[in-house]
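Okay, here's what each chain looks like letter by letter:
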Amino acid sequence: MPAPHAKPPARRLAIRGDLLDFTAAPEWGAVESNAVRFRPDHWLLVEAGRIVGAQPAALSEAQGPDASWERHDHHGRLVMPGFIDTHVHCPQIDVIASFGAELLDWLNTYTFPAEAHYAEPALAHSGAARFCDALLAHGTTSAVVFPTVHKASAQALFEAAQQRGMRLIAGKVLMDRHCPDNLRDDVDQAERDCEDLIARWHGRGRLAYAVTVRFAATSTPEQLAMAGRLCARHPGVYMQTHVAENRAEVRWIGELFPQARSYLDVYASAGLLNERAVLAHGIWLDDADRTVLRESGAQIAHCPSSNLFLGSGLFDWRAAEAAGAAVSLASDVGGGTSLSMLRTAADAYKIQAMAGQRLTAWKALHAATLGAALALRLEGEIGSFEPGCMADVCVWDWAVGSVAQRRLDVARALHERVFAWMTLGDERNLVACFVGGGLLFEQRSG
Ligand code: GUN
Ligand code: ZN
């Protein structure tokens, strides 16, 4: 079903600009990297919604895309694969930028009351549509998303993503304790709802189901075991949760699960760690946990703006990398303060700087594109301009405003330019966003 506001995708589409994507993982700290593929002033060629190649614009007058291609000439602009946000909460747009709390207070004071509204299917539908449109308006074309505990909220989210042709991974939130009554499910009903949603949505178009454990504190051991059984019964489904975000939370988990070696071990023991597991935060992990992550193939969704805003802590990206654990980037709205993956990447740089580490633009942007795609086992579909990938493409202004423009004018090397764009840019730089070759967002001029 096409988005209500979208033009049907052109069969043959050519987008001109400075093409930037990755062919491998950039090395830590290296501003010169063979993993970066930068093709200035090229046409990106798309047929039937998929990338088919690229060619220098200089060639195009003679042999370039002819009149059979719908041309979008963005000469002088940056063109990148759509961003992948590996951890974000659909209903929490309503609580973004809420004052003065750490995680556990923030959940009780702001988040749970807001999520309770999604019991109403009409609100869940309008919220899901607003959320998907907001992702696109920030240059995010794929996401791993928490709706609420309500089955209808997952249903609404899948429908909204399907209408827009977006790659979306989501599942009904599981929580059967330590939460308000109007957000509590139970093991049997939750299992039936998950089975029904998996049958209806998993593998349908660009959608996939994620068994969604909110966090170990809000699920009984019985519910965690049920979630593990779901993962075992449906090997292609994803699993998403939170882990080791905040020190008071970690202490609480230690009290609730005294037999577990660590917070992460609670999930490992329930059979929830695998190569399709996405764990948000992972700030307070140790080396043994990082080894478990590497061996299971599970990834950490690093959420820098959320970690700063909620005062949760400084993620040790370097240690995760050294241990061979996959790290992607995520907004975690509404703990996070923006859906913009540019702002998210800029915050990630600042967190690493606090630890004396230098996060290159390559490392950060890779984690929001090809790196996330690889960790999700979706590199054949999203995250790069490799032929065969879906044409999820964003066109960006290199600079908005006089300060960014001046910085760009004096920048010399490519990394300097891209780092300035990443640090100073945000959704106002986004000019156009294509999903599967369909133009779903265009910046209004003026
Ligand atoms: N831990 C459990 N639930 C949440 C949530 O909604 N946001 C964040 N940041 N952490 C959580
Ligand atoms: Zn979260």
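As the structure is a prediction and not an experimental result, all values here were calculated from the model. (Residues numbered from 1 in each chain as written. Chains lettered and ligands numbered in written order. Predicted model: local features only at pLDDT ≥ 70, side-chain atom pairs only at ≥ 80, totals over all residues. Heavy atoms only, no water.)

Participant: Even after reading the chapter, I still don't get the overall build of the chain, so can you show me in this structure?
Facilitator: Looking only at helices and strands, one finds 16 helices and 16 strands in the chain. In summary, the chain has a C-alpha radius of gyration of 21 Å against a globular reference of 22 Å for 446 residues, a match within 12%. Based on the C-alpha atoms only, the size of the chain along its principal axes is roughly 70 × 50 × 40 Å. When the accessible area of the chain is evaluated, it comes to approximately 16600 Å², of which 52% is carbon and sulfur surface. (Helix = DSSP H or I, 4+ residues; strand = E, 2+ residues; numbered from the N terminus. Rg over C-alpha atoms; globule rule 2.2 N^0.38 Å. Areas by Shrake-Rupley, 256 points an atom, 1.4 Å probe, with all protein chains shown as cover.)

Participant: What is the right way to look at the pairing of strand E12 (residues 299-302) in this model?
Facilitator: The two faces of the sheet receive side chains in turn, since in a regular strand these alternate between them. Where burial is concerned, the two faces of E12 agree: the one with Gln299 and Ala301 and the one with Ile300 and His302 are both buried. As paired elements, strand E11 (residues 277-281) and E12 share three bridges and run parallel to each other. Bridge pairing links Leu279 to Ile300 in E12. Regarding topology, helix H9 (residues 287-296) serves as the crossover connection from E11 to the parallel E12, and that connection is right-handed. Pairing between E12 and strand E13 (residues 326-329): four bridges, direction parallel. Along E13, the bridge assignment pairs Ala301 with Ser328. (Buried < 20%, exposed > 50% of the residue type's maximum accessible area, 1.4 Å probe, protein only. Pairing = 2+ DSSP bridges. Right-handed = clockwise from strand over helix to strand, strands pointing away.)

Participant: Looking at this structure, I do not really get the coordination of the zinc ion (ligand 2). What am I missing?
Facilitator: Ideal geometry at a metal gives 109.5 degrees between four tetrahedral donors and either 90 or 180 degrees between six octahedral ones. Only His87 (NE2), His89 (NE2), His242 (NE2) and Asp332 (OD) from the protein reach the zinc ion (ligand 2) as donors, at distances of 2.0 to 2.2 Å. Geometry at the zinc ion (ligand 2) is irregular, judged from its four donor atoms and the angles of 92 to 163° they form at the metal. Judged by its relative accessible area of 1%, His87 falls in the buried class. Residue classification places Asp332 among the buried residues on the basis of a relative accessible area of 3%. (Donors = N, O, S within 2.8 Å, 3.2 Å for Na, K, Ca; no water. Tetrahedral: all angles 85-135°; square planar, octahedral: opposite > 155°, others 65-115°.)

Participant: Which parts of the structure should I look at to understand the packing of aromatic side chains?
Facilitator: To describe a pair of aromatic rings, one takes the distance between the centres and the angle between the planes. Taken as a whole and judged by the stated rule, the model has nine aromatic pairs. On the numbers, 6.3 Å between centres and 70° between planes, the contact of Phe22 with Trp362 is edge-to-face. Of this pair, Phe22 sits in strand E1 (residues 12-22) while Trp362 sits in helix H13 (residues 361-367), and the two are 340 residues apart along the sequence. We classify Phe22 as buried; its relative accessible area is 1%. Relative to Tyr267, the ring of Tyr263 has its centre 5.8 Å away and its plane inclined at 45°; by these criteria the two rings are tilted. In this pair, Tyr263 and Tyr267 both sit in helix H8 (residues 263-269), four residues apart, roughly one turn of the helix. The buried category is assigned to Tyr263, whose relative accessible area is 5%. One Lys or Arg, Arg204, reaches over the ring of Trp201 and ends 4.7 Å from the middle of that ring. Above the face of the Tyr238 ring, Arg276 is positioned so that its terminal group lies 5.6 Å from the ring centre. (Phe/Tyr/Trp six-rings, centres within 6.5 Å; stacked < 30°, edge-to-face > 60°. Lys NZ or Arg CZ within 6 Å of the ring centre and 35° of its normal.)

Participant: Would you take a moment to explain the site of ligand 1 for this structure?
Facilitator: Within the structure, ligand 1 sits among His89, Gln92, Leu103, Trp106, Leu107, Arg214, Phe215, His242, Glu245, His281 and Asp332. Here an oxygen atom of ligand 1 sits 2.9 Å away from a polar atom, N or O, in the side chain of Gln92. Here ligand 1, which alone exposes 280 Å², has 100% of that area covered by the protein. Among the elements that line the shell around ligand 1, the one with the most residues is helix H2 (residues 103-116), at three residues. (Near = heavy atom within 4 Å. Polar contact = N/O pair within 3.5 Å; in protein donor to acceptor, adjacent residues only side chain to side chain.)

Participant: Sorry, what's going on with the side chain of Ser262 here?
Facilitator: Tracing the sequence through the fold places Ser262 in the loop between helix H7 (247-256) and H8. The buried category is assigned to Ser262, whose relative accessible area is 14%. Here Asp289 takes part through its side chain, which lies 2.7 Å from a polar atom of the side chain of Ser262.

Participant: How do you make sense of the packing of helix H15 (residues 402-410) against helix H16 (residues 414-424) when you look at a structure like this?
Facilitator: The angle between the axes and the distance between the axes are what describe a pair of packed helices. Running from N to C, H15 and H16 point in directions that differ by 170°, and their axes come no closer than 9 Å. Classified by the angle their axes make, H15 and H16 are roughly antiparallel. As H15 packs across H16, the resulting crossing turns out to be right-handed. Here Ala404, Arg407, Leu408 and Val410 of H15 come into contact with H16, specifically with Glu416, Arg417, Ala420 and Leu424. (Axes fitted to C-alpha atoms, helices over the stretch in contact; angles between N-to-C directions. Parallel < 35°, antiparallel > 145°, perpendicular 65-115°, else oblique. Left-handed = near helix turned anticlockwise from the far one by under 90°. Contact = heavy atoms within 4.5 Å.)

Participant: What am I meant to see in the state of the cysteines here?
Facilitator: Covalent bonding between the sulfur atoms of two cysteines is what defines a disulfide. Going through the model one piece at a time under the given rule, you end up with zero disulfides. We note that Cys303 lacks a disulfide partner, and the nearest cysteine sulfur, in Cys90, lies 16 Å from it. Free of any disulfide, Cys433 has its nearest neighbouring cysteine sulfur in Cys394, separated by 3.8 Å. (Disulfide = S-S within 2.5 Å.)

Participant: I'm lost on a nonpolar patch on the surface in this one. Help?
Facilitator: A cluster of nonpolar side chains, contributed by Leu308, Leu314 and Met354, occupies part of the molecular surface with about 310 Å² of accessible area. Mapped onto the secondary structure, Met354 falls in helix H12 (residues 341-354). (Patch = residues over 30% accessible without salt bridge, like charges linked within 9 Å, V, L, I, M, F, W, Y side chains within 5 Å. Salt bridge = Lys/Arg side-chain N within 4 Å of Asp/Glu carboxyl O.)

Participant: Which parts of the structure should I look at to understand the pairing of strand E3 (residues 50-56)?
Facilitator: Relative to E3, strand E2 (residues 36-47) is paired through six bridges, and the arrangement is antiparallel. If you follow Glu47 over to E3, its bridge partner there is Arg50. Count of turn residues in the E2/E3 antiparallel hairpin: two residues, of which Ala48 carries a positive phi of about 50°.

Participant: What is the right way to read the sheet that holds strand E14 (residues 393-396) from this model?
Facilitator: In a beta sheet, neighbouring strands pair by backbone hydrogen bonds and run either parallel or antiparallel. Taken in spatial order, the seven strands make up an open sheet running E3-E2-E1-E4-E14-E15-E16, and their pairing is mixed. Both outer strands of the open sheet, E3 and strand E16 (438-442), are each paired with one neighbouring strand and no more. On average, each strand axis in the sheet is inclined to that of its neighbour by 35°, with strand direction left out of account. Alignment of strand E15 (residues 430-435) against E16, held across four bridges, turns out to be antiparallel. In the strand pairing of E16, Val435 is matched with Gly438. The sheet contacts of helix H3 (residues 121-137) involve E15 and E16, and relative to E15 the element is tilted by about 120°.

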